[in-house]
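Architecture and fold: a report
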Amino acid sequence: MPSFVSSSNRWPLFLLLTVLAVTGCSSEQSSPRKVVEAHPEEKAAPAVDTQKLSELFDVSPQKTKTHNDGAIISFRDVAQLLHVNFQRFSDAVPGRYFLPEVMGGGVAWLDFDCDGYLDLYATSGCPLWDGDQNQTEFLNQLFRSQRGLTFANTTQLSETGDNRYGQGCASGDFNADGFPDLYVTNYGRNTMFLNNGDGTLSDITQSAGTGDESWGTSCVWLDANSDNLADLYVVNYVGLTREIHRVCTYGGVAGYCGPGQWEGIEDILYLNQGDGRFEKAPSPENISVRDAKGLAIAACDFDGDNQAEIYVANDMAPNFLLTKSSNPEPGRASYINRADSSGCAVGGDGRNEASMGISCADFDSDGLVDVFLTHYYQHKNTLYKNLGNLLFEDNSFRSKIAASSHDTLGFGTVALDCDHDGDEDLFIANGHVLGPEHSPNAMKPQLLLNDGRGVLENSVSGIGEYFDQAYLGRGVAKADFDRDGLVDIAVSHLDQPLAILHNETKGDGNFIGIELLPVNRIRPCGGKLIIMANSTRVMPIISGGSYLSSNDSAEVVGLDDYSQPVDVTVVWANGQSEQFSGLNPGRYWCLREGTEGRAILSTNQPVADR
């Protein structure tokens with residue numbers, strides 16, 4: 001794991017910062033594969049169809065579920081209605097069991113053209129062995145929103161069709177010109193896209209110095225050294241190559257090996273030099289990276305000091321909680337791994353867990369950010385309750401997280417207030433990794449509803465047909481793409497088309513949407529929102545999360561039945577506070593740093609208002 005020294009970022013005009021992903025190919029030489037018995041712990045732009053658009057907002061009454069506040073919760077997969085036709089190419093060769101095949105890819109919501117409407121990026125794969133490095137058949141895809149009503153595939157026009165074996169992605173305005181740039185991690189060389197501001201992006205990986213050749217997974221933009229430049233943290237997985245490929249057996253049946261068969265790879269912190277170039281921060285001696293096998297990352301202030309910590313979820317290795325050193329070297333920002341002493345490196349029983357996805361939120365409404373991690377089949381997912389002062393405890397059993405996760409294997413996950421009742425619920429994409437010869441393989445997704453006290457229970461049926469089917473779910477990203485105040489979800493699968501779950505929940509709950517516009521255009525993780533409505537809520541600002549994916553950066557705050565004007569205080573990442581008073585709910589507001597509390601009504605409002 002690296003130490004971090006200089007950084008910064010910037011932001012697009014409407015604060016829609018997201019993550020992207022691309023593809024990548026490997027041309028390694030062939031070698032005989034090794035078959036081993038698995039370790040026990042590893043067994044573990046067409047014309048708009050107005051008829052269909054009217055159907056988009058029609059909720060089927062027999063597919064609903066009533067939450068305890070009376071809301072009728074419902075989601076519907078509308079990807080085809082929106083003309084988002086995408087299915088990831090994984091290059092899964094029967095009997096080969098090469099691990100990248102089964103890890104899937106990510107999705108990212110972002111406003112790449114700054115027209116006020118969220119676009120969607122999805123990563124794909126390519127032939128892994130002996131493939132043509134110039135192939136154009138299998139590319140990452142970018143879908144441009146057409147005023148939030150439908151989407152058009154703009155991959156070719158935008159020049160964003162990376163042809164490598166895509167994994168994760170993240171969007172950040174590293175040159176602070178107002179247009180979101182993209183970073184894509186791959187199995188193989190990663191890719192940096194510069195947004196030209198004219199609807200196209202350019203591959204500047206070589207000149208930027210960000211083309212790491214390792215197996216990259218998730219990544220996040222943040223200002224690591226408080227120099228007002230956007231730095232980039234890249235999570236790496238394991239050192240698997242074709243030459244050391246192995247096939248494992250489980251009960252005598254061949255399948256994909258787990259990460260224990262290979263060494264972990266050190267993560268990278270790229271420090272923004274302010275001239276289009278990045279430099280790798282040196283690795284500190286006080287952070288062990290020997291067993292780092294990272295898959296997910298999130299950055300936010302866990303201890304209330306206005307400094308963003310970095311949490312890295314590692315697969316069958318201790319997780320990292322990186323906090324800034326109190327005495328960094330001059331001109332540098334160094335980090336110390338405090339996961340062990342904080343109680344969030346391993347599970348409550350002291351064992352490593354197979355961490356895949358991460359979601360950070362204040363699940364028990366105490367003003368502190370908790371950490372939720374998805375894990376392996378017949379183990380459990382884990383919810384770390386934040387006790388304050390950078391201390392955590394495994395709260396998986398009291399929160400009922402353990403009860404709902406024993407028979408699942410989770411990947412992407414997002415926290416969202418799906419019904420505007422004022423607390424954070426959880427969506428989880430599930431699916432096994434051993435291979436199709438093993439059972440179970442495909443799994444149903446889950447929506448865990450929060451009772452308001454941090455107890456999350458599985459809503460097992462009645463919330464939509466998508467939740468009644470089994471999938472090999474992987475990357476997940478949330479966004480209110482039609483700006484109706486209800487958070488929607490994009491899900492990438494291994495063997496089925498990408499889904500866009502339109503939130504069609506009915507109820508009396510109200511909301512307020514917030515788009516933050518910091519001067520340096522860097523998402524102010526480390527800062528927080530203080531929402532004053534029927535009660536006072538403290539909401540830390542979070543960057544990253546899920547698995548290989550990137551969420552919409554706008555905040556949707558559920559207000560329950562509160563309908564009076566709302567006061568919002570923003571504590572920016574630099575510690576400065578601004579109060580924005582009298583904001584009417586049911587709308588999106590732009591809160592710009594340094595405007596002395598003058599909020600701007602966002603032009604990006606619900607489709608029905610346009």
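Residues numbered from 1 in each chain as written. Predicted model: local features only at pLDDT ≥ 70, side-chain atom pairs only at ≥ 80, totals over all residues. Heavy atoms only, no water.

Burial analysis of strand β31 (residues 473–479) places 6 of its 7 residues in the buried class, which makes it a mostly covered element. Sheet topology places β31 next to strand β32 (residues 488–493); 5 bridges connect them, and they run antiparallel. Across the sheet, the residue bridging to Ala477 is Ala490, located in β32. (Buried < 20%, exposed > 50% of the residue type's maximum accessible area, 1.4 Å probe, protein only. Helix = DSSP H or I, 4+ residues; strand = E, 2+ residues; numbered from the N terminus. Pairing = 2+ DSSP bridges.)

Before going further, it helps to spend a moment on the nonpolar core. The tendency in soluble globular proteins is for nonpolar side chains to be buried side by side. Among the nonpolar cores identified, the biggest contains 36 residues, and Leu99, Met103, Trp215 and Leu409 are the most heavily contacted of them. Top contributing element to this core by residue count: strand β15 (residues 246–250), with 3 residues. Among the nonpolar cores identified, the runner-up in size contains 23 residues, and Ile73, Phe467, Ile489 and Val491 belong to it. (Core = buried A, V, L, I, M, F, W, Y, C linked by side-chain atoms within 4.5 Å.)

Time to look at the state of the cysteines. Per the stated rule, a full pass over the model turns up 1 disulfide. The disulfide bridge from Cys248 ends at Cys257, spanning 2.0 Å between sulfur atoms. Measuring the twist about the S-S bond at about 105°, one finds the Cys248-Cys257 disulfide to be right-handed. Here Cys257 falls in the buried class, since its relative accessible area comes to 2%. Of all cysteine sulfurs in the structure, the one in Cys300 sits closest to Cys360, which takes part in no disulfide; the separation is 4.9 Å. A residue is classified by how much of its surface remains accessible, and Cys360, at 10% relative accessible area, is buried. (Disulfide = S-S within 2.5 Å.)

Here we take up the sheet that holds strand β26 (residues 391–394). Spatial strand order, β23-β24-β25-β26: 4 strands in an open sheet with antiparallel pairing. At either margin of the open sheet sits one strand with a lone partner, and together these are β23 (358–361) and β26. When strand polarity is set aside, the average angle formed by the axes of neighbouring strands in this sheet is 20°. Two elements, β23 and strand β24 (residues 370–373), share 4 bridges in a ladder whose sense is antiparallel. (Axes fitted to C-alpha atoms, helices over the stretch in contact; angles between N-to-C directions.)

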